[in-house]
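Spelled out, the chains give:
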Amino acid sequence: MFDCYNRKISYLRISITDRCNLRCYYCMPEGGVPLIGHDKILHYEEIAEVVKEATALGIDKVRITGGEPLVRRGVEELVAMIAQIPGINDFGMTTNGILLEKYAPILKEAGLHRVNVSLDAINPSRYRELTRGGDVEQVFRGIEAAQQAGLTPVKINCVVQQTSEEKDAREVKEYSRSHNLEIRFIHQMSLEHGCFTTVEGGDGGDCSRCSRLRLTAEGKIKPCLFSDIEFDIKELGIREALLQAINLKPEKGSVNTLNAFNNIGG
Ligand code: SF4
């Protein structure tokens, strides 16, 4: 389907949890954040229903995000449900890679096509500092397991403060080059202040050709990351919520005061 600005809406990003096993400095405060109650989180069957309706409206690209999607139990079951839905040409997941070594073959078996892995530094102490305690060796093993399992192309999402010429970013770039990984640089964003730029090496952040909708873990369809506009599938029904999100998608982003990155998955 096309929105009012003649943009083809073909990409659904699904946040399946607000929980994470890391505490990246730009995403979550050290002490964490109040989490969504389990009773409010969509069941996998409900998420699969949204994807089914969305593909009927022209969505052909689906990405699972979080928080960290691999911390939600049974995620491979959801992957298998979505993989059976006709019309999805590109089915991916964004993960921090900490649990990827274990899950890569399972996700591939379930029908996932590829993964993006968040990696902001390769120096172990820097990585531990930026993630407040993460072990980068686990991420390296996860990336290798994803490549071996055929979840390719494996793409690296590297968050930078100002530029991709920062020391950490240059090191991640060199690591990516030597391991045959595609890399994209995401400039640090602020939802509440409406600060965002286009993704270097990707297509995010370019409002003029934005193709995205988002589904939050609680069942809100959001036509834009940088907006408070959202449509509740529990109130409107899935199809109506999707249609309203497409028809009322803003021309460009402004501010989002309702979500945080850990519950909307960037
Ligand atoms: S700010 Fe909104 S319209 Fe712009 S690229 Fe992001 S999601 Fe799309």
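Shown above is the structure to which this text applies.
Computed from a predicted structure; not experimentally measured. (Residues numbered from 1 in each chain as written. Predicted model: local features only at pLDDT ≥ 70, side-chain atom pairs only at ≥ 80, totals over all residues. Heavy atoms only, no water.)

Side note on the site of the ligand
Contacts to the ligand come from Phe 196, Gly 205, Asp 206, Cys 207, Cys 210, Arg 214, Cys 224, Leu 225, Phe 226 and Gly 253. Of the residues assigned to the shell around the ligand, the class counts are six nonpolar, two polar and two charged. (Near = heavy atom within 4 Å. Nonpolar A, V, L, I, M, F, W, Y, C, P; charged D, E, K, R; others polar.)

Focus: the environment of Asn 256
Here Asn 256 lies in the loop between α8 (238–247) and α9 (261–264). Taking C-alpha positions, Asn 256 is 29 Å from Arg 114, a pair spaced 142 residues apart along the chain. Look past the residues within four positions of Asn 256 in its chain and what remains in contact with it is Leu 191, Glu 192, Lys 222, Leu 225, Phe 226, Ser 227, Asp 228 and Ile 264. Within the local environment of Asn 256, its side chain forms a polar contact with the backbone oxygen of Leu 225, the two atoms lying 2.9 Å apart. Among the polar contacts listed, one links the side chain of Asn 256 to the backbone nitrogen of Leu 258, at a separation of 2.9 Å. (Helix = DSSP H or I, 4+ residues; strand = E, 2+ residues; numbered from the N terminus. Contact = heavy atoms within 4.5 Å. Polar contact = N/O pair within 3.5 Å; in protein donor to acceptor, adjacent residues only side chain to side chain.)

Things to note about the pattern of salt bridges
Applying the stated criterion across every chain, the model contains 14 salt bridges. We note a salt bridge from Lys 167 to Glu 171, for which the minimum N-O separation is 2.6 Å. In this pair, Lys 167 and Glu 171 both sit in helix α6 (residues 167–178), four residues apart, roughly one turn of the helix. Take Lys 167: its relative accessible area is 54%, and that puts it in the exposed class. (Salt bridge = Lys/Arg side-chain N within 4 Å of Asp/Glu carboxyl O. Buried < 20%, exposed > 50% of the residue type's maximum accessible area, 1.4 Å probe, protein only.)

Quick notes on the sheet that holds strand β7 (residues 212–215)
Taken in spatial order, the nine strands of this open sheet run β6-β5-β4-β3-β2-β1-β7-β8-β9, and their pairing is mixed. Edge positions in the open sheet fall to β6 (182–187) and β9 (231–232), since each of these has one partner strand only. Where strand β4 (residues 114–118) lies against strand β5 (residues 155–160), three bridges are found, and the strand directions are parallel. Paired with Ser 118 across the bridge in β5 is Asn 157. Packing of helix α2 (residues 75–83) onto the sheet brings it into contact with β1 (11–15), β2 (61–65) and β3 (90–95), and relative to β3 it is tilted by some 160°. (Pairing = 2+ DSSP bridges. Axes fitted to C-alpha atoms, helices over the stretch in contact; angles between N-to-C directions.)

Quick notes on α8
Every buried residue of α8 is listed here: Ile 238, Ala 241, Leu 242, Leu 243, Ala 245 and Ile 246. Buried-residue contacts for α8 involve α1 (44–56), β7, β8 (220–222), β9 and α7 (233–236).

So, the pairing of β3
Taken across its six residues, β3 has six buried, putting it largely inside the fold. Every second residue of β3 is oriented toward a common face, with Asp 90, Gly 92 and Thr 94 on one face and Phe 91, Met 93 and Thr 95 on the other, all of them buried. Here four bridges tie β2 to β3, and the two strands are oriented parallel to one another. From the neighbouring strand, Arg 63 faces β3, where its bridge partner is Gly 92.

Observations concerning helix α3 (residues 100–110)
The periodicity of an α-helix, 3.6 residues per turn, causes residues three or four places apart in sequence to face the same way. Here α3 has its buried residues at Leu 100, Tyr 103, Ala 104, Leu 107 and Ala 110. Taken end-on, α3 shows its buried residues confined to a sector of 140°, consistent with a single buried face. Of the exposed residues in α3, those oriented more than 90 degrees away from the buried face are Lys 102 and Glu 109. Tucked inside the fold, the buried residues of α3 contact α2, β3, β4 and α5 (136–149). (Arc of directions from axis to C-beta.)

So, the side chain of Asn 263
For Asn 263, the location among the structural elements is in helix α9. At a separation of 3.4 Å, a polar atom in the side chain of Asn 263 contacts the side chain of Asn 259. If we ignore the near neighbours within four places in the chain, the residues touching Asn 263 are Ser 15, Asp 18, Ile 36, Gly 66 and Thr 216.

Notes on the packing of aromatic side chains
For the coordinates displayed, the defined rule picks out three aromatic pairs. Between Tyr 25 and Tyr 26 the ring centres are 5.0 Å apart and the planes differ by 80°, which places this aromatic pair in the edge-to-face class. Tyr 25 sits in the partly exposed class, given a relative accessible area of 29%. Relative accessible area serves as the criterion here: at 23%, Tyr 26 is assigned to the partly exposed category. When the centroid spacing of 4.4 Å and the interplanar angle of 25° are considered together, the rings of Phe 196 and Phe 226 count as stacked. Of this pair, Phe 196 sits in the loop between β6 and β7 while Phe 226 is found in the loop between β8 and β9, placing the two residues 30 residues apart along the sequence. (Phe/Tyr/Trp six-rings, centres within 6.5 Å; stacked < 30°, edge-to-face > 60°.)

Describing the packing of α3 against α5
At a minimum axis separation of 8 Å, α3 and α5 run at an interaxial angle of 20°. With respect to α5, the element α3 is oriented roughly parallel. Of the two elements, α3 crosses α5, and the hand of that crossing is right-handed. Taken together, the residues of α5 that come into contact with α3 (itself represented by Leu 100, Glu 101, Ala 104, Pro 105 and Lys 108) are Arg 141, Gly 142, Ile 143, Ala 145, Ala 146 and Ala 149. Of the residues assigned to the contact of α3 with α5, the class counts are seven nonpolar, one polar and three charged. (Parallel < 35°, antiparallel > 145°, perpendicular 65-115°, else oblique. Left-handed = near helix turned anticlockwise from the far one by under 90°.)

Shape descriptors only; they carry no functional weight alone.
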